[in-house]
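Secondary and tertiary structure notes
What follows is the residue order along each chain.
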Amino acid sequence: MPHRRTPAPPYEPTVEERRATARPTRSPTPQPTPVPTEAPVVTGAVALSGITVAEAESSKAVLRDAIAQVAGVATEAVTILSVASARRRLQEGGVVVAYKIESNDFAEAADAADKLQAAADDPSVVDTAIEEAAKDANAEAVFAGVSTESLTYDVVAATDAPARMLFVIDRA
């Protein structure tokens, strides 16, 4: 004898399911709101000769202003992360100043990177910015013999940036 299947009862959505489901509209709905993402951050270091760690530590505001001027950003966007000794066999003294520049968007970070690249190619740009910032802060004596040995930078996008964009630019 063949088995007869009993048909399943028809599916009826619950009242809650009916309320949660949007009804079709005659006009298009607005685009979905994108999830806010963090803007990229520019990090790097400036190696300076002719200055001690103590002098650089006490003059972070001058260094911050100079880096902001070189990158073409507001001073508030720059944070001095550390000041460390730069002793090497061929270099007597000096410091390495690590910095971070927070940007509002990818275009601003790219613009800052372009300006930092120009300064890396021509360190006198950094020297001039330091001289001007020192003059504004009445700290010319501290920075009188300072010269830029090198400037490096990396542009790093936040991990949750659209399309997982990652920029790493290292110019020494």
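Residues numbered from 1 in each chain as written. Predicted model: local features only at pLDDT ≥ 70, side-chain atom pairs only at ≥ 80, totals over all residues. Heavy atoms only, no water.

Further remarks concern the overall build of the chain. Broken down by element type, the chain carries six helices and four strands. Start at the N end of the chain and walk to the C end: the helices and strands fall as α-β-α-α-β-β-α-α-α-β. The 172 residues of the chain split such that 33% are buried. Per element, the accessible surface of the chain, about 11,900 Å² overall, is 54% carbon and sulfur. (Helix = DSSP H or I, 4+ residues; strand = E, 2+ residues; numbered from the N terminus. Buried < 20%, exposed > 50% of the residue type's maximum accessible area, 1.4 Å probe, protein only. Areas by Shrake-Rupley, 256 points an atom, 1.4 Å probe, with all protein chains shown as cover.)

What follows deals with empty space enclosed by the protein. One pass over the full model with this rule turns up one cavity of 30 Å³ or more. Of the volumes computed, that of the largest cavity is approximately 50 Å³. Lining the largest cavity are V46, L48, L63, A66, I67, V97, V126 and I130. Secondary structure elements with two or more residues in the lining of the largest cavity: β1 (41-49), α3 (60-71) and α5 (124-136). No other element matches the three residues that α3 contributes to the lining of the largest cavity. (1 Å grid on protein atoms, 1.4 Å probe; cavity = no way out; pocket = protein on both sides within 12 Å on 5 of 7 lines; lining within 4 Å. Points joined across faces, edges and corners; volume = space filled by probe spheres on them.)

Glancing now at the side chain of S103. Following the sequence through the fold, S103 ends up in the loop between β3 (95-102) and α4 (106-121). Within the local environment of S103, its side chain forms a polar contact with the backbone oxygen of P40, the two atoms lying 2.6 Å apart. (Polar contact = N/O pair within 3.5 Å; in protein donor to acceptor, adjacent residues only side chain to side chain.)

Another aspect to go through is the environment of A84. Along the chain, A84 turns up in strand β2 (residues 78-85). When the C-alpha atoms of A84 and V97 are compared, they prove to be 6.6 Å apart, with 13 residues separating the residues in sequence. Each residue touching A84, except ones within four places of it in the same chain, is listed here: V53, G94, V95 and V96. (Contact = heavy atoms within 4.5 Å.)

Reading across from one edge, β2-β3-β1-β4 is the order of the four strands in this open sheet, with antiparallel pairing throughout. Of all strands in the sheet, those bounded by a partner on one side alone are β2 and β4 (147-156). Mean inter-strand twist for the sheet, computed between neighbouring axes without regard to direction, equals 15°. Summarising the sheet, β2 and β3 pair through seven bridges and their orientation is antiparallel. The partner of V83 across the bridge, within β3, is V97. Along the sheet, α3 contacts β1, β2 and β3; its crossing angle with β2, the most-contacted strand, is approximately 120°. The strands touched by α5 within the sheet are β1 and β4, with β4 carrying the most contacts at an inclination of about 100°. (Pairing = 2+ DSSP bridges. Axes fitted to C-alpha atoms, helices over the stretch in contact; angles between N-to-C directions.)

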